Amino acid sequence: MIAAVAEKSRGTPRIQVEDRLFSLVLALLATETGLLKSEILSTVRGYAERYDPAGANASLERQFERDKDEVRELGIPLETIESPDRPGDNQSLRYRIPKGRYDLPDEVTFTPDELALLGLAAEVWREASLSSDSQRALTKLRALGIEPREPVIGYAPRLRVRDAAFEPLRQALDRRQAVSFRYFKPGEPAPRLRRVEPYAVVLHEGRWHLHGRDRDADGLRTYLLSRIVGPVQVLSGVTFDAPPADVQDRILGELEALRLQNSADLAVAAGSDAEVRLGKRAVLRDDDRGVIALHYTDAAVFADELAAYGPEVRVIAPAELRDAVTARLAIVAAAHDEEEVR
Amino acid sequence: MVARKPLRASDKLVFLLAFVPYLLERRVVDVSEAAEYFGLSEGEIRDAVRLIATSGLPGETGTYQPNDLFDIDWDSFEDDDVIVIVHHVAIDDAPRLSAREASALIAGLQYLSASPENAGSARLAALLEKLRLGTTGAPTQLAVAETEADASLARIREAVTAGRQLEFDYRNALGERARRRVDPLRIASLGADWYLQAYDHGREDMRNFRVDRMTELLVSERPIADHSGREVPDTLFHGSDSDLDVVVDVAEETLPLLADYLADSHSEPAGDRLRVTLRVAHYHGLKRLIAGLPGLVTVVAPAEARAAVAEWARAGLAGYESPDVPTGGSGKGPTG
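Residues numbered from 1 in each chain as written. Chains lettered and ligands numbered in written order. Predicted model: local features only at pLDDT ≥ 70, side-chain atom pairs only at ≥ 80, totals over all residues. Heavy atoms only, no water.

Topic: the overall build of chain A
(1) Moving on: When helices and strands are counted, chain A shows 12 helices and 13 strands.
(2) Moving on: With the C-alpha coordinates of chain A rotated into their principal frame, the extents come out at 85 × 50 × 45 Å.
(3) Moving on: The buried share among the 342 residues of chain A stands at 50%.
(4) Moving on: With an accessible surface of roughly 16000 Å², chain A has 49% of that area assigned to carbon and sulfur atoms.
(5) Moving on: Of the charged side chains in chain A, 48 are positive and 57 negative; the average position of the first set lies 4 Å away from that of the second. (Helix = DSSP H or I, 4+ residues; strand = E, 2+ residues; numbered from the N terminus. Buried < 20%, exposed > 50% of the residue type's maximum accessible area, 1.4 Å probe, protein only. Areas by Shrake-Rupley, 256 points an atom, 1.4 Å probe, with all protein chains shown as cover. Lys, Arg positive; Asp, Glu negative; His and termini not counted. Charge placed at Lys NZ, Arg CZ, Asp CG, Glu CD.)

Structure follows, in structure tokens:
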């Protein structure tokens, strides 16, 4: 197959990928009624040079399928129209990009200040996989020809995503695919397989959460990405209805309400790192007794953070949190107590 | 200029689709001007212009006739390095954002809302709405909670902008407390943690300070010195010759959490875990790091590092045995 393609392309100038994709987008934008696949392959630059009128175009057709996906991934609304006379017939499908859904609406313009802010928003992701998405978004907005205000100096905000599950989940959200993964819930002896319809991914209190419908429990659940063990797999052939448009804001609201419900009383050692850093987040403080009160979302997550402070902090209440912290300290002490490791 | 990764074909396509409406909007554009605006080399811009100038529609006959092609003023382009499109087809407007692209910017903006730049600003809401309008379909359901910024941040920002010195009490990672006088140069953040990168007058060198470790902050009347020749480091963590190597076993899933401390990219299997080497400034920071990842990371060597971690955890437990004594003691604590 590869040899055959090489044979055919010999003598014709090689068309670069972006050239072929650009020609495809132009052709599909210019058509009102849509083009047949055979018309695209036989006339559009990048395909036409390799088109075989005798009919052996299987590899070219596969190329077109991949190109179509790639164009759609970029947010270009490439439509497929079925022929009313011949429903279900693949050869009579027509393709087009409706200009009204392609063009940025006229009311979407930006001031130089807003563009500078968007530039800073894109910079937030410079160490994460979202970097290429945000950079592409900026490139598209440069089409407007607006000169942004001078970039904000002396300011380098950054978000990192360290959870391996983040990227596959974001993709599943985007494509509305159900997924499965093993999830280690504190208090359970081992990770358990979950099958989930993903609705939203949100960052709350420095932790990424997945919100969605657990297919086995048949209910809405929220998971911490950091407790997902191993790969996230797509459940093929499973479809589900779109979640409400504001689901991500709603789940952030729920997490925040949960945080405000939970309050811990902590004794912090005077002059310690715990006193300075936890003290800044305190909602109540009794300086005489060295006791502060703090809200938290998840006892297990907060217990990890408190364990790091060792003797600088002691949980007074609630008992659940105190037990979680002492259990963690005991694990760390035991793991480092033995004389020999091997 | 920062080194840039080579563009992928899809990125080049997006550039072409944005470049055409930009050229139409601006009408007459110097190659150098376009290169600067899009952050590309002049060679890349010229290549793109040549590609566009020979692109177009297959047309009725399927043969790309001149009237179905873009055309540029070739004389201006070849003699003066100036781009003028004289005939265009199919596109004249900016493309909409994809769901992923829009959500990346929206989540980035939500994160920035914590910063003094945007505190409580209505323009942020308007901006988010415009991004939603400009998206094909709806943005991916990704969101970042707005958080309360450390109150110090606004004052630090003020000092950076005004070019004034800052003074504050600072408790460093070793637990030493001292008054510091600095020239603030840049505010940096990493997730929920905010840092000030500054020239420290006492140490006569650049230092990174955690904002949440600062107290008694004061914006001074004194202006900062000229630091234009000084480079503010892009990374918040950097090693020094006095750093210590520590061998640890870590669960594979936990490895990304140690990324800032890895001495090298080498790892070897150790049972169901990975054995890697960390580089830390001192055991004072190490014991906190390990205790904060309970059960996920175990120090293997050296023995002093193991002992420091064990002692830290035992001291923590001891606090629960005799609540009147916040530190000290060496007995085993209750295991909850």
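Picking up where we left off.
Describing the nonpolar core
(1) Moving on: Within the largest apolar cluster, 128 residues are counted, with the highest numbers of intra-cluster contacts made by A:Phe22, A:Leu118, B:Phe19, B:Ile45 and B:Leu109.
(2) Moving on: With 10 residues, helix 1 (residues 9-26) of chain B is the single largest residue contributor to this core.
(3) Moving on: A:Leu306, A:Leu321, B:Val250 and B:Val297 belong to the second-largest nonpolar core, a separate cluster that totals 43 residues. (Core = buried A, V, L, I, M, F, W, Y, C linked by side-chain atoms within 4.5 Å.)

With respect to the domain arrangement of chain A
Residue and element names in this part refer to chain A.
(1) Moving on: Taken domain by domain, chain A comprises domain 1 (2-102), domain 2 (105-160), domain 3 (166-255) and domain 4 (262-337).
(2) Moving on: Taking only C-alpha atoms, the centre of domain 3 and the centre of domain 4 are 29 Å apart.
(3) Moving on: For the pair domain 3 and domain 4, the two sides together bury roughly 430 Å², of which 52% comes from carbon and sulfur.
(4) Moving on: Per-residue buried area on domain 3 facing domain 4 is highest for Glu 205, Arg 207 and Arg 227; these three make up 60% of the total on that side.
(5) Moving on: Joining domain 3 to domain 4, the criterion identifies one salt bridge.
(6) Moving on: Here Asp 298 makes a salt bridge to Arg 227, at a shortest N to O gap of 3.3 Å.
(7) Moving on: Between domain 3 and domain 4 we count one residue pair in polar contact (both at pLDDT 80 or more) in total.
(8) Moving on: In the side of domain 3 that touches domain 4, the residues fall into three nonpolar, one polar and three charged. (Domains from an automatic or database assignment. Buried area = accessible area lost by both parts, 1.4 Å probe. Salt bridge = Lys/Arg side-chain N within 4 Å of Asp/Glu carboxyl O. Polar contact = N/O pair within 3.5 Å; in protein donor to acceptor, adjacent residues only side chain to side chain. Nonpolar A, V, L, I, M, F, W, Y, C, P; charged D, E, K, R; others polar.)

Some words on the packing of helix 6 (residues 112-123) of chain A against helix 7 (residues 130-142) of chain A
Residues and elements named next belong to chain A.
(1) Moving on: For the pair helix 6 and helix 7, interaxial distance at closest approach is 9 Å and the crossing angle is 160°. As the angle between them shows, helix 6 and helix 7 are arranged roughly antiparallel. Like other packed secondary-structure pairs, helix 6 and helix 7 cross with a definite hand, here left-handed. Contacts from Leu 115, Leu 118, Gly 119, Ala 122 and Glu 123 of helix 6 reach helix 7 at Ser 134, Gln 135, Leu 138 and Leu 141.
(2) Moving on: Considering only residue class, the contact of helix 6 with helix 7 consists of five nonpolar, three polar and one charged. (Axes fitted to C-alpha atoms, helices over the stretch in contact; angles between N-to-C directions. Parallel < 35°, antiparallel > 145°, perpendicular 65-115°, else oblique. Left-handed = near helix turned anticlockwise from the far one by under 90°. Contact = heavy atoms within 4.5 Å.)

Here's the deal with the sheet that holds strand 11 (residues 284-286) of chain A
Residue and element names in this part refer to chain A.
(1) Moving on: In spatial order, the strands read 11-12-10-13; together these four strands make up an open sheet with antiparallel pairing. Unpaired on one side and paired on the other, strand 11 and strand 13 (313-317) mark the two borders of the sheet. With strand direction ignored, the average angle separating the axes of adjacent strands in the sheet is 30°.
(2) Moving on: Sheet topology note: the strand 10 (residues 263-268)/strand 13 ladder contains four bridges and is antiparallel. Looking at strand 13, one finds that Ala 267 is bridged to Arg 314. (Pairing = 2+ DSSP bridges.)

Section: the domain arrangement of chain B
(1) Moving on: Split into domains, chain B comes out as domain 1 (9-87), domain 2 (100-133), domain 3 (151-223) and domain 4 (244-321).
(2) Moving on: Using C-alpha coordinates to define each centre, domain 3 of chain B is positioned 29 Å away from domain 4 of chain B.

A few points about the pattern of salt bridges
All names here are of chain A.
(1) Moving on: Applying the stated criterion across every chain yields a total of 61 salt bridges over all chains.
(2) Moving on: We note a salt bridge from Glu 305 to Arg 281, for which the minimum N-O separation is 2.7 Å. Residue Glu 305 is found in helix 11 (residues 299-308), and its partner Arg 281 is found in the loop between helix 10 (273-279) and strand 11; the two are separated by 24 residues along the sequence.
(3) Moving on: Looking at Glu 305, the relative accessible area reads 27%, which means it is partly exposed.
(4) Moving on: We note a salt bridge from Arg 322 to Asp 323, for which the minimum N-O separation is 4.0 Å.

With respect to helix 12 (residues 319-337) of chain A
(1) Moving on: Look at helix 12 of chain A: 26 Å from first C-alpha to last across 19 residues, which is about the 27 Å you get at 1.5 Å a residue.
(2) Moving on: Burial in helix 12 of chain A covers these residues: A:Leu321, A:Ala324, A:Val325, A:Thr326, A:Arg328, A:Leu329, A:Ala330, A:Val332, A:Ala333 and A:His336.
(3) Moving on: Next to the buried residues of helix 12 of chain A lie strand 10, helix 11 and strand 13 of chain A together with helix 8 (283-291), strand 14 (297-301) and helix 9 (303-321) of chain B. (Expected span 1.5 Å × (residues − 1).)

A look at a negative patch on the surface
Residues and elements named next belong to chain B.
(1) Moving on: On the surface, Asp 75, Glu 78, Asp 79 and Asp 80 cluster together into a negatively charged patch.
(2) Moving on: Secondary-structure assignment places Asp 80 in helix 4 (residues 74-80).
(3) Moving on: On the basis of relative accessibility, which here comes to 52%, the residue Asp 80 falls in the exposed class. (Patch = residues over 30% accessible without salt bridge, like charges linked within 9 Å, V, L, I, M, F, W, Y side chains within 5 Å.)

Describing the interface of chain A and chain B
It is common to report an interface's size as the accessible area lost on association of the parts.
(1) Moving on: Across the boundary between the two partners, chain A contributes 123 residues, which contact 122 residues of chain B.
(2) Moving on: At the boundary of chain A with chain B, total buried surface from both sides reaches about 10800 Å², with 61% on carbon and sulfur atoms.
(3) Moving on: By the criterion of area lost to chain B, the three top residues of chain A are A:Phe22, A:Tyr155 and A:His336, representing 7% of everything that side buries.
(4) Moving on: Seen at the junction of chain A and chain B, the total is 17 salt bridges.
(5) Moving on: Linking A:Glu114 and B:Lys130 is a salt bridge whose minimum nitrogen-to-oxygen distance equals 2.8 Å.

Observations concerning the environment of B:Gly137
(1) Moving on: Mapped onto the elements, B:Gly137 comes out in the loop between helix 6 (122-133) and strand 5 (142-144).
(2) Moving on: For the pair formed by B:Gly137 and B:Leu97, sequence separation is 40 residues and the distance between their alpha carbons is 9.3 Å.

Points about the packing of aromatic side chains
(1) Moving on: For the structure on display, the rule yields 23 aromatic pairs over all chains.
(2) Moving on: Ring geometry for A:Tyr155 and B:Trp194: centres 6.3 Å apart, planes at 25°, overall stacked. You can see A:Tyr155 sitting in strand 4 (residues 155-156) and its partner B:Trp194 sitting in strand 8 (residues 193-200), one on each of two chains. Residue A:Tyr155 shares its accessibility class with B:Trp194, and that shared class is buried.
(3) Moving on: Between B:Phe15 and B:Phe19, the ring centres sit 4.9 Å apart and the planes meet at 25°, which makes this aromatic pair stacked. Placement of the pair is B:Phe15 and B:Phe19 together in helix 1, with a separation of four residues, close to one helical turn. B:Phe19 matches B:Phe15 in its accessibility class, with the two residues each being buried.
(4) Moving on: Taken together, B:Phe15, B:Phe19, B:Tyr22, B:Tyr37 and B:Phe38 form an aromatic cluster joined through their ring pairs.
(5) Moving on: For the cation-ring pair, B:Arg26 lies above B:Tyr37, with the distance from its terminal atom to the ring centre recorded as 5.1 Å.
(6) Moving on: A cation over a ring is seen here: B:Arg157 above A:Tyr155, with NZ or CZ 5.0 Å from the ring centre. (Phe/Tyr/Trp six-rings, centres within 6.5 Å; stacked < 30°, edge-to-face > 60°. Lys NZ or Arg CZ within 6 Å of the ring centre and 35° of its normal.)

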